Amino acid sequence: MKLTLISLSVLFASAFAQAQTAPLVQNLNFSAALDVTAPYNFEDDSNNKMGIRSAEFMIYAPLDPTFDALINFAAHDHDGEFHTEIHEGYISSSKLIQNLRFKAGMFLLGVGRLNQFHQHDWPFITAPKVQTEFFGDEGMHDTGLEFTYLLPTESYWDITVGVTDGYQTVSEDHGDHTHESSERPTAPTFYIRPSTFIDLGETGGLQIGLNYLSASDSHGVRTELAGLDFVFKRKEGNFNRWLLQSEIWNRVQNSDLTERSNQMGAYIFPEYGFNPRWFLGLRMDAFTDLSLSYDDGEHRDNLDYAFVPTLTYKNSEFVTWRIAYTHEVNNVSQEADQINRVLELQFIAILGAHPAHTF
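Presented here is a report on the structure given in the accompanying data block.

1. Thoughts on a negative patch on the surface
And step 1. A cluster of like negative charges, contributed by D295, D296, E298 and D301, occupies part of the molecular surface.
And step 2. Mapped onto the elements of the fold, D295 is located in the loop between β13 (278-289) and β14 (302-316).
And step 3. Residue class for D295 comes out exposed when judged on its relative accessible area of 86%.

2. Observations regarding the pattern of salt bridges
And step 1. With the rule as written, the count across this model stands at nine salt bridges.
And step 2. With a closest N to O distance of 2.8 Å, R341 and E43 form a salt bridge. With R341 in strand β16 (residues 338-352) and E43 in the loop between β1 (29-41) and β2 (51-62), this pair connects stretches of sequence that are 298 residues apart.
And step 3. Residues D158 and R101 are paired through a salt bridge, measuring 3.2 Å at the closest nitrogen-oxygen approach. With a gap of 57 residues between them, D158 in strand β7 (residues 156-164) and R101 in strand β5 (residues 100-108) connect regions that are remote in the sequence.

3. Considerations on the nonpolar core
The tendency in soluble globular proteins is for nonpolar side chains to be buried as a group.
And step 1. Grouped together as the largest cluster of nonpolar side chains are 26 residues, with contacts concentrated most on L109, V111, F134, F135, L213, L225 and W249.
And step 2. Contributing elements (two or more residues each) for this core: β2, α2 (129-135), β9 (204-216), β10 (222-236), β11 (239-254) and β12 (261-273).
And step 3. Here this core takes three residues from α2, the largest share from any one element.
And step 4. V111 has contacts with Q116, F135, Y191, R193, N211, L213 and W249, leaving out every residue within four places of it along the chain.

4. What to know about the side chain of T326
And step 1. Mapped onto the elements of the fold, T326 is located in strand β15 (residues 319-332).
And step 2. Not counting chain neighbours up to four residues away, the residues in contact with T326 comprise F307, V308, N340, R341, V342 and E344.

5. Digging into the environment of N115
And step 1. Along the chain, N115 turns up in the loop between β5 and α2.
And step 2. For N115, a relative accessible area of 1% gives the class buried.
And step 3. As for N115 and G136, which are separated by 21 residues in sequence, their C-alpha atoms are 9.3 Å apart.
And step 4. Not counting the four nearest positions on each side in its chain, N115 is found in contact with L108, L109, Q131, F135, G139 and M140.
And step 5. Within polar-contact distance, the side chain of N115 engages the backbone nitrogen of M140 at 2.6 Å.

6. Overview of the environment of P152
And step 1. Among the secondary structure elements, P152 is positioned in the loop between β6 (141-150) and β7.
And step 2. On the basis of relative accessible area, P152 is assigned to the exposed category, the value being 64%.
And step 3. Between the C-alpha atom of P152 and that of N99, which follows or precedes it by 53 residues, the distance is 7.8 Å.

7. Some thoughts on the packing of aromatic side chains
And step 1. Within this structure, the stated rule accounts for 19 aromatic pairs.
And step 2. Consider the rings of Y156 and F197, whose centres lie 6.4 Å apart with planes at 80°: the pair is edge-to-face. Here Y156, found in strand β7, pairs with F197, found in strand β8 (residues 189-199); they are 41 residues apart in sequence, far enough to count as distant.
And step 3. A relative accessible area of 34% places Y156 in the partly exposed class.
And step 4. What makes F197 partly exposed here is its relative accessible area of 27%.
And step 5. Within the aromatic cluster, the residues linked to one another by ring pairs are W122, F124, Y267 and F269.
And step 6. Over the face of the ring belonging to Y90 we find K103, whose NZ or CZ atom lies 4.9 Å from the ring centre.
And step 7. The aromatic ring of F359 is capped on one face by K233, whose charged end is 4.9 Å from the ring centroid.

8. Some points on the pairing of β12
And step 1. Relative to β12, β11 runs antiparallel, the two sharing 12 bridges. Bridge pairing in β12 links S246 to I268.
And step 2. Once β11 ends, the chain turns through six residues before running back antiparallel as β12.
And step 3. In terms of strand pairing, β12 meets β13 through nine bridges, oriented antiparallel.

9. Focus on a nonpolar patch on the surface
And step 1. A surface patch of nonpolar side chains, about 780 Å² in accessible area, is lined by Y40, F42, F274, W278, L280, L311, I323, L343 and L345.
And step 2. Of all elements in the fold, only β13 and β16 reach the threshold of two or more residues within the nonpolar patch.
And step 3. On the basis of relative accessible area, Y40 is assigned to the partly exposed category, the value being 44%.

Criteria and cut-off values
Residues numbered from 1 in each chain as written. Predicted model: local features only at pLDDT ≥ 70, side-chain atom pairs only at ≥ 80, totals over all residues. Heavy atoms only, no water. Patch = residues over 30% accessible without salt bridge, like charges linked within 9 Å, V, L, I, M, F, W, Y side chains within 5 Å. Areas by Shrake-Rupley, 256 points an atom, 1.4 Å probe, with all protein chains shown as cover. Salt bridge = Lys/Arg side-chain N within 4 Å of Asp/Glu carboxyl O. Lys, Arg positive; Asp, Glu negative; His and termini not counted. Charge placed at Lys NZ, Arg CZ, Asp CG, Glu CD. Helix = DSSP H or I, 4+ residues; strand = E, 2+ residues; numbered from the N terminus. Buried < 20%, exposed > 50% of the residue type's maximum accessible area, 1.4 Å probe, protein only. Core = buried A, V, L, I, M, F, W, Y, C linked by side-chain atoms within 4.5 Å. Contact = heavy atoms within 4.5 Å. Polar contact = N/O pair within 3.5 Å; in protein donor to acceptor, adjacent residues only side chain to side chain. Phe/Tyr/Trp six-rings, centres within 6.5 Å; stacked < 30°, edge-to-face > 60°. Lys NZ or Arg CZ within 6 Å of the ring centre and 35° of its normal. Pairing = 2+ DSSP bridges.

Following this line, the structure appears as structure tokens:
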């Protein structure tokens, strides 16, 4: 980590010095994000402490009239220790072929809604269970190519296709992208996401996406993800009066040596903006293991559900405060319900010119 921080400091100083003398890098942009959380778990107080969940430093700029580039360094807290890594680093362009955008390098895979955003850009503090189980706490990223083509039709349709090497998509624990597999996966990762946008007038819009992803690990375990995501926004002035965001996912995993497993999960998050500073939302989560069974093979009913009211205060676009309460219940037939209650605080600080996201 020390070497990484030293390298980062040298890179920053070099870029700053060049920015003062070389006109070619006058458009070099720097951005940083600080994400601080303070959870209070009513059932387990072992992690009840305030800390920096993540700190990110981003450099992005046009390389020339055709290509752009971005580098994102991230330090994340894992069990009390900070691990620094290159979270994203890619070259992109939307000027080579009309209606075509592409990325080459390491990036967050262009599937779903939450997976395409860093944690500090989410509208709530922690991820729903379907996200953490299928994509990891911080999202699924990998190294490869991604193409997005805007169809030349009267209605708006984007088709995103990606192929990556698979080393970080599905790690040995099938979930957390932060620990790269040291063994070659049996097949590359492939995904596709057609999406459409419905214009609901000057103040509103609806984006809908369909998703499919196929990945394999070094032991031949194949993972298939299929999902639907949608986002509705209605703006009033310079803020969202209404936000409705939801995703539903199904995952199937199998191999020649293991039994087939099948899980499904979803969340829905409506949020109301009282004004440009205050927002109140309620996230509802659900998750079930469709392959859970008794010893005799009969299906065993189970459902993990949660309610997460979230209050957000935005002092500006650069400073955000949140408080949320999670009431989670894990119900498995013939077992007592397991209840998890957590009160969370969050502070987000954005330094510099944070790049804008589409919709």
